[in-house]
Every structure is written in C-alpha cells, then in structure tokens.
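Here's the letter readout for the chains.
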Amino acid sequence: MKEAGGTDLRLVIITGLSGAGKTQALRSLEDLGFFCVDNLPPALLPKFAEMCGKSGENTCRVALVIDVRGGVFFDDLFQSLKILEEEGVIHKILFLEADDETLVRRFKETRRRHPLSRHLGILEGVKAERKKLEEIRGHANVILDTSKTTPQRLKEEIAQRFAEDPGLERFVISLTTFGFKKGLPRDADIVLDVRFLPNPFYVESLRERDGRDAAVEQYVLKWAVTKGFLKRLDGLLRYLLPHYKNEGKNHLAIAIGCTGGRHRSVVVANRLGELLRARKHTVIVEHRDIDEESGN
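Notes on the structure follow. Note that the structure is a prediction, hence the values are computed from the model and not measured.

Notes on helix 5 (residues 122-132)
Next, step 1: Gly125, Val126, Glu129 and Arg130 are the residues of helix 5 that are buried. The arc enclosing the buried residues of helix 5, seen along the axis, measures out at 135 degrees, which places them on a common side.

This is the structure:
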C-alpha cells in the first residue's frame, strides 16, 4: 500500500506456536532493518498499518508478532486481515511451528508457563494452541518447522526470504534430508524416497561416516541408478518450478529420505542443491537426522 505522497508499506505478520521461535524471527527481521512490534492486539493492525503508510519514509518495512498471548483479542485477527486486503495492504504471514516433544522440552528448559496451559500441563497447552491456530496456519504464506532448527539456521532462513536484496530470488527451495525411522518432515511439499539406491551402510568402511564424507558421496554417486535418478529428478524440477512460481508459491519444501537419514539422502540432497544453485535458484539444505545414531 502507498498513501498519496506517502510510503510503500511492506508488512510481515509473525504468528505460530509458543516456543517455536517467533521472538528469534522478530529479532532476525529487526536485524534486516524492519521496524518490529511484539504482541500487537490484532484489532489495532489496520490503524497501525495506516500510520506506517503515512510515516513519510520511502519504504516502511514492518514486522509484527500476533499470537495467542492476546487472549480473546486474538480472535479479531481475521477481521483485521480482511480490512488490510480491502485497503490493498500487501502483507505476508510467517507461521512458526515445531513438534510437541520439542515445544514441551523448550518450555521445561526455560521454566516458562505456556500461555494456554493455565492449570493444565504444558503438553495440553501446546495441543490447545495448535488447534486454535489451525485456521491461520492455512492462510500463511511461509510455514517454518523449527523442531530441528538452530537459532542461527532460523536467522539464515529469515534472511533468505525477507532480505532486501534485488539480486536474491524470492522463490526459495529447501531440501531437508530425513530418516524414515524418525518420521517424515511435517512441512514437506514433495517427499522423495531414495532407499532404492545402493546403501553405504553395508560397506563396513563407510558405515560410521555420513553423506558429507567424500568416500560416501563417491560410493552413492558412482552407480548408474543414482546418475539416472538425479538426471530425471533435475528434469522434473525444471518442469515443476516455473509452474509452482506461476501459482504464487514462494517456497517449495522437498524432503529426501533414506532409512536412517545419514547416507544416501544426504548425498542426493547435496548434489541436487548444487544443480539448483548452478541455475541461480535460492536453496537451503538441511540434514535433519544426520547426527542421530548410525542406521541403515
């Protein structure tokens, strides 16, 4: 939105589960030059956006955290979002989440009370909040699962998606490796199963290493089946990516799994990341289970 003689407003609304990293995300956006406000009552959102639009700056970049700490006021969020849309205010919703086990652990480590737990336990509060946020999650432009994400990694992801760099492609591809033993990543758009590839786990000298090791990488990539798979996968993504972009998607999450998440999936993700970066795509590669106990 730009008021007459006013400001180009760029608005990011941060929401999601308590303990999932909203504060860290807000600080990361502040480091990128955003004006940041924590725990704004949703009913004030349209008026606040109007004030920013009249600020006199050429561009006003604003990030807001709006979540269940607002209590009954949180229910005003959808009405406020509707007003923003009617007034032509361009905004994005960043939704942060994590699995139940991770959130409970974080609350115990910080000894903080979950905002919805009241006289219930932490887990019950987490589940109640997840249910309450189902609808807003469905409206989110970007969903980040921080279960296995370090604060530094989250900062990098925020920078990839929101930094003001005209040379940076806004469409982001994340490649996450995982072990089927540990379950699928929750936010995956595409899941690839590479358990059909020859397995370094059964080579004694490679078993305790992982896919970042040059010998493991060489072993996985030397087979014709691996070469053929990567060639076909590269061709498939060349076809799919423009269509995802045309539909307005700004993030594609690809999960690549093998049995343990330490050998084949890691090699394939790293090589795929190289292929995509060579074509100037913005790529984030994360190995979820690489530090777990060795498994095939």
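With respect to the packing of aromatic side chains
Next, step 1: Under the definition given, this model contains five aromatic pairs.
Next, step 2: Ring geometry for Phe35 and Phe48: centres 6.3 Å apart, planes at 20 degrees, overall stacked. Of this pair, Phe35 sits in strand 2 (residues 35-38) while Phe48 sits in helix 2 (residues 45-53), and the two are 13 residues apart along the sequence.
Next, step 3: For Phe35, a relative accessible area of 48% corresponds to the partly exposed category.
Next, step 4: Between Tyr219 and Trp223 the ring centres are 5.7 Å apart and the planes differ by 80 degrees, which places this aromatic pair in the edge-to-face class.
Next, step 5: When its relative accessible area of 31% is taken as the criterion, Trp223 is described as partly exposed.
Next, step 6: The ring of Phe180 carries Arg195 above its face, with NZ or CZ at 3.7 Å from the centroid.
Next, step 7: Arg207 extends its terminal NZ or CZ atom over the ring of Phe201, reaching a point 4.8 Å from the ring centre.

Thoughts on the sheet that holds strand 6 (residues 172-179)
Next, step 1: Reading across from one edge, 7-8-6-9 is the order of the four strands in this open sheet, with parallel pairing throughout. Of all strands in the sheet, those with a lone pairing partner are strand 7 (190-193) and strand 9 (282-287), marking the two edges. Here the strands of the sheet are splayed against their neighbours by 20 degrees on average, with no regard to which way each runs.
Next, step 2: Inspection of the sheet shows strand 6 paired to strand 9 by six bridges, in the parallel sense. The residue of strand 9 that forms the bridge with Leu175 is Val285.
Next, step 3: Seen against the sheet, helix 10 (residues 264-278) touches strand 6, strand 8 (251-258) and strand 9 and runs at an angle of roughly 170 degrees to strand 9.

Rules used in this analysis
- Residues numbered from 1 in each chain as written.
- Predicted model: local features only at pLDDT ≥ 70, side-chain atom pairs only at ≥ 80, totals over all residues.
- Heavy atoms only, no water.
- Buried < 20%, exposed > 50% of the residue type's maximum accessible area, 1.4 Å probe, protein only.
- Helix = DSSP H or I, 4+ residues; strand = E, 2+ residues; numbered from the N terminus.
- Arc of directions from axis to C-beta.
- Phe/Tyr/Trp six-rings, centres within 6.5 Å; stacked < 30°, edge-to-face > 60°.
- Lys NZ or Arg CZ within 6 Å of the ring centre and 35° of its normal.
- Pairing = 2+ DSSP bridges.
- Axes fitted to C-alpha atoms, helices over the stretch in contact; angles between N-to-C directions.
- Contact = heavy atoms within 4.5 Å.

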